[in-house]
Amino acid sequence: MLNWKIYSHFEAKLTQDFDHIFKIYQETINSPEVGFFHLPTNQILLKESLEVYECFKHKKHFIHVGIGGSALGPEMFIKALGSEKETQFTFLNNIDPDEFHRQLSTVNIKDALIFIVSKSGTTAETVAAMSILANELAKVGIYENQYSDYFVFCTDPVKGDLRKISAQWNVKTLTIPANIGGRFSVLTPVGFLPMLFAGINPQKVLKGATEIQAYLSDKTQGKDFYQLAFWLRDLHDQGIRQTVLMPYSSRLKEFSAWYVQLWAESLGKNGKGMTPIPAYGATDQHSQMQLFMEGPNDKTLFLFEIEKFFHDYELKNDISGQSFKLLSPFKLSTLMKAEFEGTLAALIENKRHVVHFKLPKLNEESLGQLVLFTECLTALVGKILDIDPFNQPGVEAGKKYAYEWLKSQS
Ligand code: PA5
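The model shown is predicted, which means the values in this text are computed figures rather than measured ones.

(A) Region of interest: the environment of Gln221. Position of Gln221 relative to the elements: it lies in the loop between helix H8 (202-217) and helix H9 (223-237). Given the relative accessible area of 46%, Gln221 is considered partly exposed. Not counting the four nearest positions on each side in its chain, Gln221 is found in contact with Ala214 and Tyr215.

Here is the structure:
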């Protein structure tokens, strides 16, 4: 099970209003408007995803179209746990024309399944990508009457253009429940369908998430979690408003990207928030770590240690030189551990604010735990900072003005 330890000269204490916060937080995550906490026990969404997978599992290429919360979660899972042995993946998650060209040149569109993901069903980047893909299909003689063999949609149950078009094109359409926002949607078909194509078992992911569900619903057991959130709030109030997320794992590099969106888009409101900084070890020890160690002490560092890797290498060698000799008795994973421990010790010595998270192993269960834990922490910190973590008015404003600018050009 995921566990953690806080190192800081700010004491992590639960304020007297713990009972009150526990109550209102439980009310929030159990309210009908907020659905993410209950996704791990919603088997219907998984069943629907499996049915769609069965129809298309022969496809050689999976093109995932979406942006923000409609893309970052699936990308994170595929990079952390996916195998591309059977299916090749392309994520169209930006509108850079040159990147599109590079990506499309590697795709045989006739062999591809195109998964269009948009909760609103109207996001400009996604609409643009879908239009381009329809044009690409036309180039190889595939038109609307055959689209049901190529496209699958994933969108709101009733609202938006995608929902309307799905009926017109007779395209299989998976549902993102109305009470789930984009960045909280990875444990829905948004994540399930790509997971299935990448050989990841969503059932095991959900199992991990249900463990967090049980843990956080128990007031006594979940106390440490509340303590962590209160500590972050206290740091925020002391001006420590940057949060570094640094897993010591290349597979979790995209987990940092997913977390950045979740943390920033949920908490950056009303002049409040904590700037998320993505990093990964050991690579960033030779980069941003200098700043984290000796720069302004205005950051919290979340360091993630994976206790057991899937693979390992002996460093045994006969190469001359002190550094080679020193490493020779060890394995690569031992060096990773040494770098982690060394950095942690130096950060503590420098009075930095650190949380050391431990994951016994990176697999479906532990990533499921990590996802629900991070979502719950984000929602709780939002609650105690008096921010609505589930909306994104700043993002919506940019979307609206972009459309207005386009209208002014036509
Ligand atoms: O988390 C969010 O709500 C956003 O990041 C959305 O996921 C993003 O803007 C894409 O929106 P949509 O899924 O409606 O296309």
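(B) A look at the sheet that holds strand E5 (residues 151-155). Spatially, the five strands line up as an open sheet ordered E3-E2-E4-E5-E6, and their pairing is parallel. Edge strands, defined here as strands with exactly one partner in the open sheet, are strand E3 (88-92) and strand E6 (172-175). Direction aside, the axes of adjacent strands within the sheet are offset by 20° on average. Note that strand E2 (residues 61-65) and strand E4 (residues 112-117) share five bridges and pair parallel. Across the sheet, His61 pairs through a bridge with Ala112, a residue of E4. Sheet strands in contact with helix H6 (residues 161-169) are E4, E5 and E6, and its direction is about 150° off that of E5.

(C) Focus on the pattern of salt bridges. Counted under the stated rule, the structure contains 16 salt bridges. The salt bridge partner of Glu27 is Lys23, with a shortest N-O separation of 3.4 Å. A residue pair is termed a helical-turn pair when its members lie 3 or 4 positions apart in one helix, as Glu27 and Lys23 do in helix H1 (residues 18-29) at four residues. Between Arg183 and Glu265 there is a salt bridge, and its shortest N-O distance comes to 3.6 Å. With Arg183 in the loop between E6 and helix H7 (189-197) and Glu265 in helix H10 (residues 253-267), the pair connects residues that are 82 residues apart, well separated along the chain. The exposure classification of Arg183 matches that of Glu265, with both residues buried.

(D) Structural detail: helix H5 (residues 124-139). Here H5 contains 16 residues, and its C-alpha end-to-end distance of 23 Å stays within 8% of the 22 Å for a straight helix at 1.5 Å per residue. Of all the positions in H5, only Thr126, Ala129, Met130, Leu133, Ala134 and Leu137 are classed as buried. An end-on view of H5 places all buried positions within 140° of arc, on one side of the element. Of the residues trailing H5, Gly141 is marked for its positive phi of about 80°.

(E) Molecular detail of the nonpolar core. Ranked by internal contacts, the top residues of the largest apolar core, which has 88 residues, are Phe36, Phe77, Leu193, Phe225, Leu367 and Leu377. Each of domain 1 (3-29 + 205-393) and domain 2 (36-200) contributes no fewer than three residues to this core. Those residues in contact with Phe36 that lie beyond four places of it in its chain are Ile29, Ile180, Phe184, Leu372, Glu375, Cys376, Ala379 and Phe390. Judged by nonpolar contacts, the second largest core, of 23 residues, contains Phe100, Val107, Ile116 and Tyr147.

(F) The arrangement of the site of the ligand in detail. Near the ligand there are 14 residues, and of these Ser70, Ser118, Ser120, Thr123 and Gln261 occur at the shortest range. Between Ser118 and the ligand, the recorded distance is 2.6 Å, taken from a side-chain N or O atom to an oxygen atom. At a separation of 2.6 Å, an oxygen atom of the ligand approaches a polar side-chain atom of Gln261. Look at the ligand: alone it shows 380 Å² of surface, and the protein chains cover 92% of it. Grouping the constituent residues of the shell around the ligand by class yields one nonpolar, nine polar and four charged.

(G) View of the packing of aromatic side chains. For the coordinates displayed, the defined rule picks out 30 aromatic pairs. Ring centres 5.1 Å apart and planes at 40° place the aromatic pair Phe62 and Phe89 in the tilted group. Placement of the pair is Phe62 in strand E2 and Phe89 in strand E3, with a sequence separation of 27 residues. This pair shows no difference in class: Phe62 is buried, exactly as Phe89 is. Geometrically, the ring pair formed by Phe153 and Trp169 is tilted, given 6.0 Å between the ring centres and 50° between the ring planes. Taken as a pair, Phe153 in strand E5 and Trp169 in helix H6 lie far apart in primary sequence, 16 residues in all.

(H) Geometry of the packing of helix H3 (residues 72-81) against H7. Where H3 contacts H7, the axes come no closer than 8 Å and their chain directions differ by 30°. Accordingly, the angle class assigned to the pair H3 and H7 is roughly parallel. Crossing hand, H3 versus H7: right-handed. Residues Pro74, Phe77 and Ile78 of H3 touch H7, and the partners they reach there are Val190, Gly191, Pro194 and Met195. Broken down by class, the residue content of the contact of H3 with H7 amounts to six nonpolar, one polar and no charged.

Rules behind the numbers
Per-chain numbering applies: the sequence of each chain, read as written, is numbered from 1 onward. This being a predicted model, a pLDDT of at least 70 is required before a residue's local features are given, and a value of 80 or more before pairs of side-chain atoms are given or counted; all residues contribute to the totals for chains, interfaces and linings. Excluding hydrogens and water, the side-chain values take into account all heavy atoms of the structure. Put simply, DSSP marks the helices as runs of H or I at least four residues long and the strands as runs of E at least two long, and each gets a number from the N terminus on. For the exposure calls, accessible area comes from a 1.4 Å probe over protein chains only, and a residue counts as buried if that area is under 20% of its type's maximum, exposed if over 50%, partly exposed in between. Only heavy atoms enter the contact rule, under which two residues are in contact if any of them lie within 4.5 Å. Note on pairing: two strands pair once DSSP finds at least 2 bridges between them. All axes here are fitted lines through C-alpha atoms, helices being fitted over the stretch that makes contact, and every angle between N-to-C directions spans 0 to 180 degrees. Salt bridges, as used here, are contacts in which a Lys or Arg side-chain nitrogen is within 4 Å of a carboxyl oxygen on Asp or Glu. Given the number of residues in a helix, its expected span is that number minus one, multiplied by 1.5 Å. Note that the arc is defined by the directions from the helix axis to the C-beta atoms. Remark: nonpolar core denotes a set of buried residues (Ala, Val, Leu, Ile, Met, Phe, Trp, Tyr, Cys) joined through side-chain atoms within 4.5 Å. For the purposes of this description, domain bounds are those given by an automatic or database domain assignment. Throughout, near means a residue has at least one heavy atom within 4 Å of the molecule or strand. Pairs of N or O atoms are called polar contacts if they sit within 3.5 Å, as long as, within protein, a hydrogen donor faces a hydrogen acceptor (for residues adjacent in sequence, only side-chain-to-side-chain pairs). The protein chains shown are the only cover counted for residues, whose accessible areas, like all others here, come from Shrake-Rupley with a 1.4 Å probe. Lys, Arg, Asp and Glu make up the charged group, whereas Ala, Val, Leu, Ile, Met, Phe, Trp, Tyr, Cys and Pro make up the nonpolar group; the residues left over, Gly among them, are polar. Aromatic pairs are defined between Phe, Tyr and Trp rings, using the six-membered ring for Trp, whenever the two ring centres lie within 6.5 Å; interplanar angles under 30 degrees are classed as stacked, those over 60 as edge-to-face, and all others as tilted. Roughly parallel refers to an angle under 35 degrees, roughly antiparallel to one over 145, roughly perpendicular to one between 65 and 115, and oblique to any angle outside these ranges. Rotating anticlockwise by less than a right angle from the far helix to the near helix defines a left-handed crossing, while the corresponding clockwise rotation defines a right-handed one.

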